[in-house]
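Descriptive analysis of the structure
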Amino acid sequence: MKAIKEDKKEDASGASKGSLPRKLFRWLDKRTDVDALMKESLDEPIPGGARLAYVFGSGLIFIFISQIITGICLALYYVPSAETAHTSVAYISKQVAAGAFLRSLHYYGSSAMIIVLALHFLQTFLYGSFKGRRELLWISGAVLSLLVLAMGFTGYLLPWDQKAYFATAVGTNIVGQVPLIGNWLTRLVRGGDTIGTLTLSRFYVAHVFLLPGAIFAFIAVHIALFRKAGPAGPINENPIEPKLPAEGFYPRQVLMDMAFALLLMIGLGILSFFHPATLGPLANPADTQFLPRPEWYYLPMFEWLKYWEGPQVVFAIVVVPGLLAAAFFLLPFLDRKLERKPWRRPIPVLAVAFVILGMVYMGAKSRIDDARDPTAAAQIAIQDKQEKEYSTAPFVPYVESPGGTGPAAGAVNPVVAQGRGIFESHGCSGCHGDAGVGGPIAPSLVAITQKIPEAQLAALLHNPNATMRAGKMPAVDISNPDMTALIAYLGALGTSAANVTAVFRVSPAEPGVKEASLHPARNALPHLTTAAIAGQLLYQERGCFACHGQAGEGGRAPAVAPLIAGVPETKLIGLLQNPNEKMKAGGMPPFAGTSAQMSSVIAYLRTLSAPQAAPAPAVETAAANSAAPPEPAAAAPPPAEATASPVPAPTSATAVVPVSALPGPGRAIFLSQGCAACHGPTAGGTHFAPSLIGVGAKFPGDQLPNLLRHPTSKMRNGGMPIPTVNDAQLHDLVAYLSGLSSAAAAQTVSPANANASAAATPGAPASTAPNGQAAAPRKPVALSPLALRDQQIFERATCQNCHGVGGLPGTVAAPPLAGTASILPAPVLENLLRHHSIRMQQGGMPITNMKTEDLRALVAYIRSMPSPGGGN
């Protein structure tokens, strides 16, 4: 009671003294003792007086507070999801008032924090301020340094643009190189095997909650230890028992710290206002042309890793950085003498100078190497241009499930559904992205009909301009009704009207197209379901048309439609998988595929109609099908046992048989080494590799064998491996390649001889044994459980966007996998998926980022696809 009375008496006596702010301060001080706390903070004695060299610690605290404030402002709008993160950052930068300025302050503040941190470390080290019972103070500062670097790494992914995604992919891949626990660490950081929403969510939580909380805690520990040990003073001061006269922290040092903070504020403000931070296009994991480059403070590590390959990477990632980190943390225990002058500590100073100069050299060398490499410089210039263009482009809001498979609002427009089928079957999504939202190869098509009139758009699709052709845009040669449907779908992109199930349709013949190329029965098909179109592709890819005709109208084998009418589906499946004796005698192989593939083939066969006219004579049919693959993988069978066996062609007639069908050990080696995957099954060339026709004349004598043993850099960049053959096998391979000439490309033989040749050359590519003899041909087999599992992975990863439905037909964006990758040996294919060739990267092949068992399952599924020769 006495204290309360004295307090009231003092309040009454001071009520008439001082201004209102002073009265409020007194009121607050009596309840919080804030005056004593300020005196304790500001009256800290500094041996030797205030100096500009001591401003970096306070500068770090100021930048950290600035990062917290700007980060909170950005978090009000940011949505940590792979679908919306990029759009929310774009909204901040382009729509929110002062949003671009706030984001730039946050962006440049992270770099400023690294720079000031480095200056603080150098000042502390050169002044020897870690000496004299300050070991824990130094260690707490070292922990804070790592936390600051972690803040930069976790925040880099949050914009979810191209640069952020691929730089994070590189960083998390580095973590995976740690022995024993590398894969576990990568999965922990990513939240799974790939970078996605779970990765973004984890990085967001770490960046916004975990790391700032840890930094706050260690700042408190650091300040408490600093106040306990006291300032070390200048380099000529005793770190344990100061001799120089002390000066209070207030006012001179406070003014110096405030001036430095003001300079930082002005510098960051000017930089953010005149050079706002850019935002690149939306992250596209399928873009392997993108050259990932980390932020400047991680660039030395990025360059350092280029010098190490294979098992030595562990030395570069774990051993050397681990030793440097240990030396960094244990510096007070390694440099224990009280001598603080840097010129009297040559070994520690030279060691630190060596590390810093090495990091500067590595970072500069990375920039110089990119500038000197024409390919890298051109790609980086393209990336910078794309980033600037996107940053200056108008804001495009996020639309829920644009063009996805969700239900459309209202009645479904059949024209839009047909247009979507055309869009997907022509591989447009391989470049323009799923639902036309854009990708690294081609721009977004959303609202394209609002920018370009429909008539002009149709003309551009039929005849692309120079810019489109430079971007590898092919002409869209479809009928006028199909073009109308395609434009209708393009006009619906970005709205719920595009959320329809794709309807695939067989287009009628265009004027000028030979009638022989499209059978009337085929043209009469109004619409094909998704399953039927997949079955049609299988029918074509497996060469069924070579015997049964292009539309199942009959040829060397009977027409399909009359034979399957009334046949139960279970019996039809059994005959496809296990042909009867008559079917086998006619050359019908078993159908090897999944149950889904079987159902799709039957769905297509059910759509076929009976031929309108009698089948052409066998001789004419054989001549018309001379361009068909000579070794069909699986012709559609006569489905009933009452079916007559195919009518053999007269032995007196002649038919054209490609030279690739002729037997020979060289061709078997050509197939077993996977050469056909790039050069084509007849070595006629593909868009992967040139034709080998006439290569023997171009490289006579020993030139061709030497070229195969020692490919040029251009060949290696295109993915050309060194053939794993012995001298005898190389001789046979060279003999086969030398026999490929334009004159011998087609050879007239009797059908009997042609059948003998086809029988001599097995349907499956023959593998060669180490002794040089051809091994037994690999027969078609049903998909293993491993391949069945990976078919789901293949579909879930939307590989069909580029390679077509099931990877069989291919599109303009990527070739079919059947007959190309499917005929590669398993080790070669697995290595190719892990280490993409330059051509695959340029074609937009995404990173095959999966576990070993998943990758092997993918290889099994691809190799189960039919080969041109009929094998798997």
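Treat the numbers as computed from the prediction; the structure is a model and nothing was measured.

What the protein contains, in helices and strands, is 42 helices and 4 strands. Scored against the burial criterion, the 872 residues of the protein give a buried share of 41%. Sequence-distant contacts, at least 24 apart, represent 74% of the contacts inside the protein between residues at least 6 apart. By element, 65% of the accessible surface of the protein is carried by carbon and sulfur atoms, the whole surface being about 44,500 Å².

Moving on: the environment of Arg-863. In this structure, Arg-863 sits in helix H42 (residues 852-863). Separated by 41 residues in sequence, Arg-863 and Ser-822 have C-alpha atoms that sit 4.2 Å apart.

Of note, Arg-340 is situated in the loop between helix H14 (331-334) and helix H15 (346-372). Here Arg-340 sits buried without a salt bridge, and the closest side chain of opposite charge, Glu-237, lies 6.3 Å off (N-O distance). Separated by 2.8 Å, the side chain of Arg-340 and the backbone oxygen of Tyr-127 make a polar contact. A polar contact is formed between the side chain of Arg-340 and the backbone oxygen of Ala-232, at a distance of 2.9 Å. If sequence neighbours within four positions are ignored, Arg-340 has contacts with Leu-126, Tyr-127, Gly-128, Ser-129, Lys-131, Ala-232, Gly-233, Pro-234, Ile-235, Glu-237, Pro-239 and Arg-345.

For the rest of this paragraph, the subject is a nonpolar patch on the surface. A cluster of nonpolar side chains, Phe-101, Leu-262, Met-265, Ile-266, Ile-270, Phe-273 and Phe-274, forms an exposed patch at the surface whose accessible area comes to about 730 Å². The element contributing the most residues to the nonpolar patch is helix H11 (residues 252-274), with 6 residues. Along the chain, Leu-262 falls in helix H11.

Quick look at helix H10 (residues 197-229) now. Under the 1.5 Å per step criterion, the end-to-end length of H10 is 46 Å for 33 residues, consistent within 8% with the ideal 48 Å. Of all the bends found along H10, the most pronounced is centred on Ala-206 and spans about 40 degrees. Turning to H10, its buried residues number three or more, namely Thr-199, Leu-200, Phe-203, Tyr-204, Ala-206, His-207, Leu-211, Pro-212, Ile-215 and Ile-219. In the segment just after H10, Gly-230 is the residue with positive phi, at about 85 degrees.

Within this structure, the stated rule accounts for 25 aromatic pairs. Arranged with centres 6.5 Å apart and planes meeting at 75 degrees, the rings of Tyr-54 and Tyr-127 form a pair that is edge-to-face. Of the two residues, Tyr-54 sits in the loop between strand E1 (45-47) and helix H4 (56-75) while Tyr-127 sits in the loop between helix H6 (99-126) and helix H7 (135-156), which places them 73 residues apart along the sequence. The exposure class of Tyr-127 is partly exposed, given its relative accessible area of 22%. Aromatic side chains Tyr-77 and Tyr-91 sit 6.1 Å apart centroid to centroid with 50 degrees between the ring planes, which places their arrangement in the tilted category. Taken as a pair, Tyr-77 in the loop between H4 and helix H5 (85-94) and Tyr-91 in helix H5 lie far apart in primary sequence, 14 residues in all. On the basis of relative accessibility, which here comes to 38%, the residue Tyr-77 falls in the partly exposed class. The side chain of Lys-94 reaches across the aromatic face of Tyr-390, ending 4.0 Å from its centre. Over the face of the ring belonging to Phe-125 we find Arg-345, whose NZ or CZ atom lies 5.3 Å from the ring centre.

This next bit is on the pattern of salt bridges. In this structure the tally under the stated criterion is 12 salt bridges. Its salt-bridge partner being Asp-370, residue Arg-293 comes within 2.8 Å of it at the nearest N-O pair. Pair noted here: Arg-293 is in the loop between H11 and helix H12 (299-304) and Asp-370 is in helix H15, with a separation of 77 residues, a long-range link. Residue Arg-293 is classed as buried on the basis of its relative accessible area of 19%. Among the ionic contacts, a cluster of salt bridges with common partners joins Glu-303, Lys-306, Lys-365 and Asp-369.

Core analysis: the largest hydrophobic core is formed by 25 residues, its most contacted members being Ile-63, Met-113, Val-116, Ile-215 and Phe-260. Among the elements that make up this core, the one with the highest residue count is H6 (7 residues). Setting aside residues up to four positions removed in sequence, Phe-260 forms contacts with Val-55, Phe-56, Gly-59 and Val-116.

Cut-offs used in this document
- Residues numbered from 1 in each chain as written.
- Predicted model: local features only at pLDDT ≥ 70, side-chain atom pairs only at ≥ 80, totals over all residues.
- Heavy atoms only, no water.
- Helix = DSSP H or I, 4+ residues; strand = E, 2+ residues; numbered from the N terminus.
- Buried < 20%, exposed > 50% of the residue type's maximum accessible area, 1.4 Å probe, protein only.
- Contact = heavy atoms within 4.5 Å.
- Areas by Shrake-Rupley, 256 points an atom, 1.4 Å probe, with all protein chains shown as cover.
- Lys, Arg positive; Asp, Glu negative; His and termini not counted.
- Salt bridge = Lys/Arg side-chain N within 4 Å of Asp/Glu carboxyl O.
- Polar contact = N/O pair within 3.5 Å; in protein donor to acceptor, adjacent residues only side chain to side chain.
- Patch = residues over 30% accessible without salt bridge, like charges linked within 9 Å, V, L, I, M, F, W, Y side chains within 5 Å.
- Expected span 1.5 Å × (residues − 1).
- Bend = angle between axes of the 7 residues up to and from the residue.
- Phe/Tyr/Trp six-rings, centres within 6.5 Å; stacked < 30°, edge-to-face > 60°.
- Lys NZ or Arg CZ within 6 Å of the ring centre and 35° of its normal.
- Core = buried A, V, L, I, M, F, W, Y, C linked by side-chain atoms within 4.5 Å.

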